[in-house]
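The chain contents come next:
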Amino acid sequence: YGSLTRRGLSTEGVPDIAASEGFMVGEVTKKSILISCPHENVSTKFLAPYTTFCRIHQKSITCLDISSGGGLGVSTSTDGTMKIWQAANGEIRRLLEGHVYDVNCCRFFPSGLVVLSGGMDAQLKIWSAEDASCVVTFKGHKGGILDTAIVDRGRNVLSCSRDGTARLWDCGKSACLGVIADCGSPVNGIAVGTADNSLNLGTPEKAPSEREIGTEGKILLLAREDKKLQGVGLQSRQPVFLFDGSDAFNCCTFLSSTYILAGTQDGNIYQLDVRNTDTPIQVIHRSGAPVLSLLPYRDGFIASQGDGTCFIIQQDLDYVLDLTDADCDPVYKVASWEKQIYTCCRDGIVRRYQLSDL
């Protein structure tokens, strides 16, 4: 479509950039370039990482999360390890050992002191971030665990698996409180959120256990391998909606109590209203690469894809923000803390982006 040429550097070290016909170069800093194509009415700001951490893992990093206080990161890798590290400098603090085979997913509890992980060994584990001990192991899934979610402050947690089920667990008693859904197809991603009041979540067939804390009024989203996105009443276990997509769903998230997002293997991001899922509000398609993660961010969202693209769409920005540097390696997961965005990638690097100067 066109080209950008660097003509030189200013005394402050900012590049002087010219664009070919049809493109315009806006603001340029040491870390960002704003480019627009007036004819197509699109603008993109490309942002370079503020810093990169290359020494946390030896191989691809499949998942990461940042603690609620922003001080710690946790990540899993195909090198078979799960590590806790300083979010500021990538310095390794703890090695969490206990899963057999690969660890697929990890996340901090809201306290920031405890980590939840799920692995190919079909086990779900809870760890102390302070001394790296495994305090609870949940067994019950028949296949690898692909994603997890935490209900409220974390007395109950959720997991989904290749075995086609999503399960609710009681952390205090380390017991399964029930199978929320059995889809007959791998569940690649889940998300739990408070449902809009007008939504009928159904009634439980039997009274919920008193060990169920915070499940009332919640809806569970299931991103399924069989091209379906499903909503289930968390307490009732009753189906709320079933939406057919263009390909396998990889991930899903809540934007609000009414709006949800879900991403597919063929690059579609569906925005839906849970009160009426017959037709999507919009379908965003940037490339045909798989959508691997979605994260609500301010009044928009961050998405990452299998071709190395990672972008932020926000209502108050008149441009898309592209987080660069992953080249063509898949960006598996995105986490944020305040104005900092962290990504993990097949190339084994954690990248930190600073959004404060935008």
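Under an unreviewed UniProt entry, the protein chain has the name Proteasomal ATPase-associated factor 1 and belongs to Pelecanus crispus. What UniProt records for the protein chain under Sequence similarities (unreviewed entry) is the sentence "Belongs to the WD repeat PAAF1/RPN14 family."

Visitor: Help me out: how do you make sense of the side chain of Ser159 in this one?
Guide: Positionally, Ser159 belongs in strand β16 (residues 156-161). Separated by 2.7 Å, the side chains of Ser159 and His141 make a polar contact. Of note is the side chain of Ser159, whose polar atom sits 2.8 Å from the side chain of Trp169. Other than its neighbours up to four places away in sequence, Ser159 contacts Leu124, His141, Ile145, Asp147, Thr148, Thr165, Ala166, Arg167, Trp169 and Ile190.

Visitor: Explanation requested: the pairing of strand β33 (residues 350-354) in the structure shown.
Guide: A regular strand places its side chains so that they alternate between the two faces of the sheet. Here β33 lies mainly inside the structure; five of its five residues are buried. By the alternation rule, side chains of β33 split into Val350, Arg352 and Gln354 and Arg351 and Tyr353, which are all buried. Pairing of strand β6 (residues 51-53) with β33 involves three bridges; the strand directions are antiparallel. Paired with Phe53 across the strands is Val350, a residue of β33. Summarising the sheet, strand β32 (residues 340-345) and β33 pair through five bridges and their orientation is antiparallel. Residue pairing across strands places Thr343 opposite Arg351, the latter belonging to β33. Where β32 hands over to β33, the hairpin turn is made up of four residues, of which Gly348 adopts a positive phi near 80°.

Visitor: Would you take a moment to explain the layout of surface pockets for this structure?
Guide: Unfilled space is identified by rolling a water-sized probe across the atoms. Roughly 1,400 Å³ of volume is contained in the largest pocket. In terms of lining, the largest pocket is formed by 48 residues, of which the most central are Cys63, Arg107, Asp147, Thr148 and Lys333. Those elements that provide at least two residues to the lining of the largest pocket are β7 (61-66), β11 (103-108), β15 (145-151), β19 (187-194), β23 (249-254), β27 (291-297) and β31 (331-337). Residues that form the lining of the largest pocket fall into these classes: 27 nonpolar, 13 polar and eight charged.

Visitor: Would you explain the sheet that holds β32 in this entry?
Guide: The antiparallel open sheet is built from four strands, whose spatial order is β6-β33-β32-β31. Two strands close off the open sheet at either side, each with one partner strand: β6 and β31. Adjacent strand axes in the sheet meet at a mean angle of 20° when their direction is disregarded.

Visitor: Sorry if this is basic, but what is going on with the nonpolar core here?
Guide: One recurring pattern in soluble globular proteins is that nonpolar side chains are buried together. Grouped together as the largest cluster of nonpolar side chains are 25 residues, with contacts concentrated most on Val74, Leu96, Phe138 and Val157. For this core, the secondary-structure elements that each account for two or more residues are β8 (72-77), β9 (82-86), β11, β12 (114-119), β13 (123-128), β14 (134-139) and β15. Of the residues forming this core, the biggest block, four residues, is contributed by β11. Apart from residues no more than four positions distant in its own chain, Phe138 is found in contact with Ala122, Gln123, Leu124, Ile126, Val157, Trp169, Asp170, Cys171, Ser174 and Ala175. Within the second largest apolar cluster, 18 residues are counted, among which are Leu201, Phe249, Ala262 and Tyr270.

Rules used in this analysis
Here the residue index of a chain counts from 1 through its sequence in written order. pLDDT decides what is reported in this predicted model: residues at 70 or higher carry local features, side-chain atom pairs at 80 or more are listed and counted, and totals for whole chains, interfaces and linings draw on all residues regardless. Hydrogens and water molecules were not included; the side-chain quantities draw on all heavy atoms of the structure. UniProt positions are given in the numbering used here, feature names are shortened, and annotations may be inferred rather than shown by experiment. Helix and strand assignments follow DSSP, with helices taken as H or I runs no shorter than four residues and strands as E runs no shorter than two, numbered in order from the N terminus. Here a polar contact is taken to be a pair of N or O atoms separated by no more than 3.5 Å, where protein atoms must pair a possible hydrogen donor with a possible acceptor and residues adjacent in sequence count only if both atoms sit in side chains. Contacts are assigned to residue pairs with any non-hydrogen atoms lying within 4.5 Å of each other. Residue exposure (1.4 Å probe, protein chains only): buried if accessible area is under 20% of the type maximum, exposed if over 50%, otherwise partly exposed. At least two DSSP bridges between two strands are required for those strands to pair. Buriedness of a pocket was judged along seven lines, with at least five required to meet protein on both sides within 12 Å; pockets are open sets of points on a 1 Å grid over the protein atoms alone, cavities are sets where a 1.4 Å probe fits but cannot get out, and lining residues have an atom within 4 Å of a point. Grid points are joined across faces, edges and corners, and a volume is the space filled by probe spheres set on the points. Polar here means any residue other than Ala, Val, Leu, Ile, Met, Phe, Trp, Tyr, Cys and Pro, which are nonpolar, and Asp, Glu, Lys and Arg, which are charged; Gly is therefore polar. Axes, fitted as lines to C-alpha atoms, cover a helix only where it is in contact. Angles between the N-to-C directions of the axes lie from 0 to 180 degrees. In this description, a nonpolar core means a group of buried Ala, Val, Leu, Ile, Met, Phe, Trp, Tyr and Cys residues linked to one another through side-chain atoms lying within 4.5 Å.

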